[in-house]
Amino acid sequence: NTHRPFQVLNIEIYNTDLSAAFPSLSADELSELIPNKEELNVVKIYAHKGDAVTLYVLHKNPLFFELEKQLYPTVYLLWRFPGLLPIFTTWSPVLQKLIGGADLMLPGVVVPSNGLPDVNRGGCCAVTVVNNRAPVAVGTAAVSTAEMHNLGMKGRGVCVLHTYMDNLWAFGDKSAPPSLPDPESEEQGPNGEESETEEKVEENVEKSVEEQHNPDQMVTDEVCSSVEELNLAEKGEQEDEEEEDQKTPQEIMDALLFQCFLHALKCKVKKSELPLLTSTFLRNHMFSCCPSGKQLDIKKSSYKKLSKFLHTMQQQYNLVRIKELTKGVESIVEVDWKNPELRSFNVPEDTACEAVPAQDGGEAEVQYCPPEITTLYSVSARVEPLFLDVNKRKGTILQPAEVRSIVTEYVKKNELVAENNKNYVTINPTLCDCLLEKSEYQEIECLKWDDLFSRTLGKMQECYQIVFPGQTPIIKKGHIEPIDISVASRGSNKKVTLIKNLEVYGLDPTVVSIALQHRVQASSVLQPIPGAKDKVLVQIQGNQIQQVSNLLIDNYQIPRKYIQGIDKAPKGGKKK
């Protein structure tokens with residue numbers, strides 16, 4: 001969506017910015033890129049997620065786009081200056097996957113004889129296809145070149161931001177990539193050679209997108225709003241592909257949702273799991289049934305909400321029965337496994353999953369992978385002056401290591417390392433305002449490095465990122481809620497153990513409850529938590545803190561620091 005009229009940018013100022021962002025451009029190339037007499041228009045657009053993106057447009061073609069204070073070239077510009085960025089090459093069939101929203105995985109990168117380009121993590125880079133040097137995608141390196149080699153060329157290579165054929169490309173004249181022969185590709189062999197190794201290429205194509213649901217994926221839709229759904233057809237089935245191209249993105253997502261729903265019921269859910277929380281069914285079962293190269297997003301379907309979709313499945317197909325067992329929390333209480341729709345469903349080959357582990361025998365619940373949890377820090381107004389040199393404004397979220405690096409660079413740039421003792425940093429007026437309390441202004445003239453870093457982090461807003469397998473990262477402010485284990489009295493001398501916040505870590509309270517029942521041979525029930533939507537607590541007889549903590553730490557691999565109440569376990573082996 002374009003929200004403002006075009007603005008004319010001062011070319012002289014902008015050329016200075018370009019020189020800094022892309023030092024490889026010579027003065028002559030800058031003049032050729034944007035002649036001084038030409039008008040460069042500035043357009044502000046919004047991606048469908050709400051991200052503000054600034055476009056710099058010349059002769060109706062966007063040349064650059066700015067996202068989070070970082071400048072990136074478009075494919076239109078790179079077709080004129082193909083050597084502007086470090087380049088990673090992949091196979092032609094992978095392009096459709098990139099256009100569809102996938103990132104470029106390292107198995108899909110074709111390594112040239114002179115080696116990979118030298119990039120740092122987060123560095124801007126371009127993607128080309130074999131036999132053509134014209135870039136077809138722009139993104140950032142997921143890891144450095146050294147890390148790529150250390151990883152054995154496995155995992156994510158390039159986080160794609162913009163591609164040929166996306167909505168940003170469609171903003172321009174919609175021209176196709178020029179044909180720029182790649183000397184190295186030509187030396188490797190004629191076109192005939194490619195057909196001889198077709199099987200190998202196809203294998204690489206699959207590998208290049210097989211991990212596309214990795215949580216930290218930066219999908220193309222940050223800049224392009226709807227192209228990602230246009231290529232969800234099964235690879236190699238051309239007729240289906242043509243049919244699917246005629247569907248709207250919403251219809252495609254509806255079909256994908258239905259497919260994953262049937263697949264989950266047929267291959268994942270066991271009778272012993274019922275009743276099953278609907279949120280758990282989506283998170284633990286449906287997401288894992290999503291085919292490689294596709295991403296399940298209910299908000300992009302016509303249903304918008306999981307509840308509406310499941311009730312439709314109940315009313316139209318009688319596949320499941322949904323019931324609100326506790327106020328505001330819905331569960332699947334029944335599945336009709338004999339339903340013709342379910343029995344006739346064939347599991348797609350590219351999503352054929354491993355057999356579901358037994359769920360009726362205590363310790364072997366649904367395979368569970370703990371989320372990755374990372375502590376992050378958001379730049380606050382108080383410390384913003386320390387981060388201005390690197391264009392990190394209030395609200396920018398950073399890793400602790402990035403904070404240390406930026407603060408260290410600030411100290412060195414301003415020559416604040418104490419001359420007589422390099423373990424100390426001299427406090428200048430900016431550091432004083434950012435890090436010291438008023439009562440300390442006259443008392444503290446220098447700080448130790450560790451104190452400097454801890455004070456900086458202490459003045460920032462703490463956040464956390466939680467990443468579940470197969471899902472996009474979730475970033476929230478504050479501390480993550482720990483799993484809370486407590487003991488309460490019931491009646492005269494009865495005790496019960498209460499477990500809360502299992503859902504925060506992707507654990508199904510029903511499955512945990514059954515596992516505990518088998519482990520301690522005591523009855524357990526689920527109870528709603530007042531004021532907490534979609535959350536329940538597990539209540540089990542007796543003081544079972546030790547058994548609960550063992551289950552969480554040993555079986556589910558939840559780090560001890562995310563479990564609260566372990567210290568209240570009974571001492572000396574006494575049981576009550």
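Reading guide: rules and limits
Residues numbered from 1 in each chain as written. Predicted model: local features only at pLDDT ≥ 70, side-chain atom pairs only at ≥ 80, totals over all residues. Heavy atoms only, no water. Helix = DSSP H or I, 4+ residues; strand = E, 2+ residues; numbered from the N terminus. Polar contact = N/O pair within 3.5 Å; in protein donor to acceptor, adjacent residues only side chain to side chain. Contact = heavy atoms within 4.5 Å. Pairing = 2+ DSSP bridges. Phe/Tyr/Trp six-rings, centres within 6.5 Å; stacked < 30°, edge-to-face > 60°. Buried < 20%, exposed > 50% of the residue type's maximum accessible area, 1.4 Å probe, protein only. Axes fitted to C-alpha atoms, helices over the stretch in contact; angles between N-to-C directions. pLDDT = per-residue confidence, 0-100. Parallel < 35°, antiparallel > 145°, perpendicular 65-115°, else oblique. Left-handed = near helix turned anticlockwise from the far one by under 90°. Nonpolar A, V, L, I, M, F, W, Y, C, P; charged D, E, K, R; others polar. Salt bridge = Lys/Arg side-chain N within 4 Å of Asp/Glu carboxyl O.

## Here we look at the side chain of Ser524
- Along the chain, Ser524 falls in strand β23 (residues 524-528).
- There is a polar contact of 2.5 Å between the side chain of Ser524 and the side chain of Ser513.
- Here Gln517 takes part through its side chain, which lies 3.3 Å from a polar atom of the side chain of Ser524.
- Non-local contacts of Ser524, meaning those with residues more than four positions away in its chain, are made with Ser513, Gln517, Gln539 and Ile540.

## A word on the pairing of strand β13 (residues 320-326)
- Across 6 bridges, the pairing between β13 and strand β14 (residues 329-335) is antiparallel. Across the sheet, the residue bridging to Val320 is Val335, located in β14.
- Remark: 2 residues form the turn of the hairpin made by β13 and β14, two consecutive strands paired antiparallel; Gly328 in that turn has positive phi of roughly 80 degrees.

## Some thoughts on the packing of aromatic side chains
- For the structure shown, the criterion picks out 10 aromatic pairs.
- When the ring of Phe65 is compared with that of Tyr72, the centres are 5.3 Å apart and the planes differ by 20 degrees; the resulting orientation is stacked.
- Summarising the aromatic geometry, the rings of Tyr303 and Phe309 are spaced 5.1 Å apart at their centres and angled 75 degrees between planes, so their arrangement reads as edge-to-face. In this pair, the class of Tyr303 matches that of Phe309, namely buried.
- Through a chain of ring-to-ring contacts, three or more aromatic side chains come together here, namely Tyr76, Trp79, Tyr164 and Trp169.

## Overview of the environment of Gly395
- Considering the arrangement of structural elements, one finds Gly395 in the loop between α15 (384-387) and β16 (397-398).
- Here Gly395 falls in the partly exposed class, since its relative accessible area comes to 44%.
- Through-space distance from the C-alpha of Gly395 to that of Ala381 is 8.4 Å; in sequence the pair is 14 residues apart.
- Gly395 has contacts with Ser378 and Val379, leaving out every residue within four places of it along the chain.

## Side note on the sheet that holds β13
- With antiparallel pairing, 3 strands are arranged side by side in an open sheet as β12-β14-β13. The open sheet has two edge strands, β12 (276-277) and β13, and neither has a second partner.
- In the sheet, β12 pairs with β14 via 2 bridges, with the strands oriented antiparallel. Looking at the pairing, Leu276 lines up with Ile332 of β14.

## Topic: the sheet that holds strand β25 (residues 563-564)
- In space, the 5 strands of this open sheet follow the order β23-β24-β22-β21-β25, with mixed pairing throughout. Lying at the two open borders of the sheet, with one neighbouring strand each, are β23 and β25.
- In this sheet, strand β24 (residues 536-541) lies alongside strand β22 (residues 494-500) in antiparallel orientation, the contact comprising 4 bridges. When the sheet's bridge partners are listed, Thr497 is paired in β24 with Ile540.
- In the packing of helix α19 (residues 509-520) onto the sheet, the strands contacted are β22, β23 and β24, and the crossing angle to β24 comes to about 10 degrees.

## A word on the confidence of the model for the chain
- Scored by pLDDT, the chain has a mean of 79; 80% of the residues are at 70 or more.
- Ignoring residues within four places in sequence, the model shows residues 352-366, a span with pLDDT below 50, making 34 contacts including any to other chains.

## Some details on the packing of helix α16 (residues 400-413) against helix α18 (residues 449-458)
- Between α16 and α18, whose axes approach to 10 Å, the crossing angle comes to 120 degrees. Overall, the two elements α16 and α18 adopt an arrangement that is oblique. Crossing of α16 over α18 shows right-handed handedness. The residues of α18 that touch α16, namely those facing Val403, Arg404, Val407, Thr408 and Val411, are Trp449, Asp450, Leu452, Phe453, Thr456 and Leu457.
- Class assignment of the residues belonging to the contact of α16 with α18 gives a composition of 7 nonpolar, 2 polar and 2 charged.

## Points about the pattern of salt bridges
- Tallied over the full model, the rule gives 8 salt bridges.
- Lys535 is the partner of Glu481 in a salt bridge, and the nearest nitrogen-oxygen pair spans 2.8 Å. On the criterion of sequence distance, the pair formed by Glu481 in the loop between β20 (474-477) and β21 (483-490) and Lys535 in the loop between β23 and β24 is long-range, its members being 54 residues apart.
- On the basis of relative accessible area, Lys535 is assigned to the buried category, the value being 16%.
- Linked through salt bridges whose partners overlap, the residues forming this network are Glu440, Asp451 and Arg455.

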